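# Structural overview
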Amino acid sequence: MQIQDQPSEDYLIVRVGTERYALSSTRIREVVRWRLPTPVPGAPLVLPGIISQRGVVLPVVDLRYLLELGATEPDRATRLVIVHEKQIDVALLVDSALDLCHLTTDDLARLPKGLDPHRARLLRAVAQHEGEPLLVIDLEALVTALQEDA
Amino acid sequence: MDLSSFYNQFREETAENIRVLSDGLLAIEAQSDEQVRRAEVDRIFRAVHTIKGGARMLGFEPVARLAHELESVLGELRQSRRAPDHDLAGRLLRGGDALLALSVAAVEGHPATVDVDAVIALFAGAIPPAQDAPAPAPSPDPEAPAPEAPTPRIAGVRTVRVRVDRLDRMLNLAGELMIGQQVLANHAEELATLRQMTRKHERAVQELEGELNRLRFSAGQRHALDQRLSAVQGVTFQLQNLVQHQADQLGRHIGQSDMLVRDLEQEVMAARLIPIATIYGGLPRVVRDIAEGTGKLARIELRGETVELDRKVLELLQDPLMHVVRNAMDHGIESPVERTAAGKPETGSIVVIAEALGGEVRVTIRDDGRGMDPARLRDRAVRLGMLRAENAVRMSDPESLDLIFLPGFSTATMVTDISGRGVGMDVVRSNISELSGQVLVESHQGQGSLIVLTLPLTLVTTRVLLVRVGQVSFALPASSCHGTIWVRRDQMRSIGGQPTVALDGRDVVVRPMSELLGINTEMPLKRGERAPALLVGSPQRLLALLVDALLDEREAVVKSLGPIFAKQRNYSGAIQLGDGSLVLLLNPLALIQSASSVRTSTTDPAPAPRRRVHLLVCDDSFTTRELIRSILQSAGYDVTAAVDGADALDKLRAQPYDLVVSDVEMPRVDGFQLTERIRSELAMHELPVVLITSLASEDHRRRGLEAGAQAYIVKSQFDQGSLLEVIQQLLGSEP
């Protein structure tokens, strides 16, 4: 099975909890400092609230809850990665934005079996980068999951 | 040659020509003046001819074939070889519908669902001779004004087609500018504060100067001081001038850009305005179809066609308007026999009036049918399980009319093709309130019903009320709020297990907003004597929503929360304040629905995690005080200590407590006096007071209770368990 049609792509590496994830840079609009969102009472924990970015209201999505990783208090490194996928803009809350990297199709491997299906559905592939594993997030699946669960 | 760029134009043109055809056919039926009729026939002939020409050019053969067929029938009408009877008009209308469907299918390039030959067959075969034609069916009113030919709205002005999403974007940007204005206004306020501070600064310098003048200095010192002082004064003067200048300039700038932004907003809005006549078009057809299907006779009169509304408003108004007219025909207008028996003219009348009133447009739909029977509506609601029988008895007639807006409520005993499918008035109301509009219903049995739809003219900004619930601000559309009241705790009455207050002789149910939103915060009435509440719902069924504070009323641009929050029905969007912060806009309709569902589905909402209970312990003996404090703290309460009654009163004034535990014998203010003064001076009638004393006599116990204490514990019988038990009982919960 071929995982990806394009030969190579740029990715943003972010830290969520203690793990490193990659987000396809073609979907990223901007990365901004964390700021306190306006809470939406009644919404699930994964949606801590809304922010306004350039006049558009965006839902903040706490990736740490979505990936079932422990959440810590936001600090100076906390970032909001604003992505555009399936005509929807969301602000992904990550613990920090680390680096940009370039991955080719050869760098990407299939997900290991036995991964928690809840998390596996949000992931597209696993890559080796600088000797460490890097999980590539499937943004389309993520937005779909949000629409279904929220 | 690539023709695709003409396709959309053809589709739009065809839709317009089909409208001319439908309107024209209906007008011909209702028209007795031969000349006017002839002119109308000419007009629809031309419309169909245009369709034929366009279809031929673009190679849409089936469309052209059908148009040709219609054209020839209309040609016969023109030459009076056929009579425009009711039956033929019906067939032509169906032909028009088929023509439109075929055109759309051809333009979009998918196969048509219409069988062209079958439609053409409608017009072939026996041509009824003209003299046999029956009189036009629904007897036309000779007084009725002839439907005007739609003349181009602004003749001579050059126009350009603009995509709707581009207009939407422009509207959004105009809204952004409005927010920008608020930011500027905030800056102006800050400048004003700065000005005040420079004045203060000037006064301080003057005072310093005065002070120095009273002191003795040598001539050299005096000279140096004067120099320094005049330097400071010089800077102060410059500072003041500069701030003043900046404030003036900013003020002028704000005033100017305010005007420009408003002009821009109006222009953008005007670009989106469309006359209501565009959605009136389908209504005569609806009336005619239903009349045909039911044997009723009715005439519809449309007024105020030139009233203009925002495109989005019109879009959302179309279905409700259609539905209300359908309902009027189906449920309101009686059969001719019934009408004659009731002494009414055989032909029923439905009048639709649109009028612009200030910033609003009011659309009134009036019929002269049988009206609604409040008792029947109540019966039906009870049968459908939407209303309890005992509540139905108490419900007033105007309130009963409101039942038609309940989802799934339909009074048609038989499900017909026309209405009575149980999707109806609830959709009407939700569509209209989505636009921050309102629906009112009035009905007189035997005389007819009146439905009034009130809509805002503009959608750029919405007037909102800002309220505070707990620590969070929320906005509500001002149009959804019928007013604000103060709810006093001592005026609340429980009726049928629901807290209510009396308002103009009616009982209005009171609910805390925090509970409906699921916010963990204290009830506004738990502490204070009174709390503000918003009146929402329909005038017939009001609900008072308690909030912590009313903050402001203002114009705001409402932004969508997007699809991720689609399931959060309590919110219809968010607004941005001048400082950039977002405030959620509540959807009162959804709130009311959740209010009623909470009541009916569960006996009690799950106990929300509470804030910790705060107790005040008052005893002049250090040992007793600390003993009681440690008992209560280890039981999980927050405890503050007071050294005597007077101290306790001070502490109670400064901060709210949930319960007071007090000794009786104390200096200054004793336990009895403390209790009395809590009730009289502080007016805390509900605050539980527990007295602990060594005075075991019955006389003292009575005195304590007379003073207003809830419990009296004698020290000799004192033990940890009984104290905690009493406190738990009084608070009605665990710590």
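Residues numbered from 1 in each chain as written. Chains lettered and ligands numbered in written order. Predicted model: local features only at pLDDT ≥ 70, side-chain atom pairs only at ≥ 80, totals over all residues.

Take the packing of helix 10 (residues 311–332) of chain B against helix 15 (residues 425–434) of chain B next. Residue and element names in this part refer to chain B. It is at 9 Å that the axes of helix 10 and helix 15 come closest, and there the two elements cross at 150 degrees. When the axis of helix 10 is compared with that of helix 15, the two are roughly antiparallel. Between helix 10 and helix 15 lies a crossing of left-handed hand. Each of Leu-316, Asp-319, Pro-320, His-323 and Val-324 in helix 10 lies in contact with helix 15, whose residues at this interface are Val-427, Val-428, Asn-431, Ile-432 and Glu-434. Classifying every residue of the contact of helix 10 with helix 15 gives 6 nonpolar, 2 polar and 2 charged. (Axes fitted to C-alpha atoms, helices over the stretch in contact; angles between N-to-C directions. Helix = DSSP H or I, 4+ residues; strand = E, 2+ residues; numbered from the N terminus. Parallel < 35°, antiparallel > 145°, perpendicular 65-115°, else oblique. Left-handed = near helix turned anticlockwise from the far one by under 90°. Contact = placed C-beta atoms within 7 Å. Nonpolar A, V, L, I, M, F, W, Y, C, P; charged D, E, K, R; others polar.)

Next up on the list: the interface of chain A and chain B. Facing 17 residues of chain A, the contacting portion of chain B comprises 22 residues. Split by residue class, the side of chain A that touches chain B holds 12 nonpolar, 5 polar and no charged.

To continue, consider the sheet that holds strand 19 (residues 582–586) of chain B. If you walk across this open sheet you meet the 6 strands as 16-8-9-19-18-17 (chain B), and the pairing is mixed. Looking at strand neighbours, the two that pair on one side only are strand 16 (549–556) and strand 17 (558–559) of chain B, the edges of this open sheet. (Pairing = 2+ DSSP bridges.)

What follows covers the pairing of strand 14 (residues 530–538) of chain B. Residues and elements named next belong to chain B. Bridge count between strand 10 (residues 481–488) and strand 14: 7 bridges; the pairing is antiparallel. Its bridge partner being in strand 14, Gly-483 is matched across the sheet by Leu-535. Summarising the sheet, strand 14 and strand 15 (residues 541–546) pair through 6 bridges and their orientation is antiparallel. By the bridge assignment for strand 15, Ala-533 is matched with Leu-546.

What follows concerns the environment of Leu93(A). Residues and elements named next belong to chain A. Turning to its location among the elements, Leu-93 is positioned in strand 7 (residues 88–94). Taking the C-beta count within 10 Å as the criterion, Leu-93 has 24 such neighbours and is therefore assigned buried. When the C-alpha atoms of Leu-93 and Val-81 are compared, they prove to be 6.6 Å apart, with 12 residues separating the residues in sequence. Residues in contact with Leu-93, not counting those within four places in the same chain, are Trp-34, Val-60, Val-61, Asp-62, Leu-63 and Leu-80. (Buried ≥ 20, exposed ≤ 12 C-beta atoms within 10 Å, placed from the backbone.)

With 13 residues, helix 19 (residues 622–634) of chain B extends 18 Å from end C-alpha to end C-alpha; this agrees with the ideal 18 Å at 1.5 Å per step. Just downstream of helix 19 of chain B lies Gly636(B), where phi reads positive at about 105 degrees. (Expected span 1.5 Å × (residues − 1).)

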